[in-house]
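# Secondary and tertiary structure notes
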Amino acid sequence: SNWQRALALFWQCQTMRIRPETVTYNAVISCCGQHWTLSIHLFSEMKEVKLPPSTVTYNAVIDACSAGNWELSLQLLFTMPSPDV
């Protein structure tokens, strides 16, 4: 499926030492759709590599979590910096 291809390409870029940017993470998180645990993992990884999440990032992660873990969606919403992340 598309999310698996996006994730494979994402990991392949990292093995080639191509550093992903916020927009790259946003695209992959958005592709993951309802795979909320994967979205959370990618979101956490962003913070580990010191990439600032954007409003788009938060929206994608919140959307992914809304189907599988709505409590986490709310937690993310309330911890999201405002208004320009």
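My aim in this report is to walk through the structure given alongside it, one point at a time.

With that out of the way, let us pick up the nonpolar core. Membership of the largest hydrophobic core comes to 18 residues, with the highest contact counts inside it found for Leu42 and Leu76. At the level of elements, α1 (2-15), α2 (22-32), α3 (36-48), α4 (55-68) and α5 (70-79) are the ones that each hand at least two residues to this core. The element best represented in this core is α4, accounting for five residues. In this structure Leu42 touches Leu7, Phe10, Trp11, Tyr25, Val28, Ile29 and Cys32, once residues within four positions along its chain are discounted.

For the rest of this paragraph, the subject is α4. For α4, with 14 residues, the first-to-last C-alpha span of 21 Å sits near the 20 Å given by 1.5 Å per residue. Regarding α4, the residues found buried are Thr57, Tyr58, Ala60, Val61, Ile62, Ala64 and Cys65. Elements that come into contact with the buried residues of α4 comprise α2, α3 and α5. For α4, the capping residue at the N-terminal end is Ser54, with a side-chain oxygen 3.3 Å from the backbone nitrogen of Val56.

What counts and how
- Residues numbered from 1 in each chain as written.
- Predicted model: local features only at pLDDT ≥ 70, side-chain atom pairs only at ≥ 80, totals over all residues.
- Heavy atoms only, no water.
- Core = buried A, V, L, I, M, F, W, Y, C linked by side-chain atoms within 4.5 Å.
- Buried < 20%, exposed > 50% of the residue type's maximum accessible area, 1.4 Å probe, protein only.
- Helix = DSSP H or I, 4+ residues; strand = E, 2+ residues; numbered from the N terminus.
- Contact = heavy atoms within 4.5 Å.
- Expected span 1.5 Å × (residues − 1).
- Polar contact = N/O pair within 3.5 Å; in protein donor to acceptor, adjacent residues only side chain to side chain.

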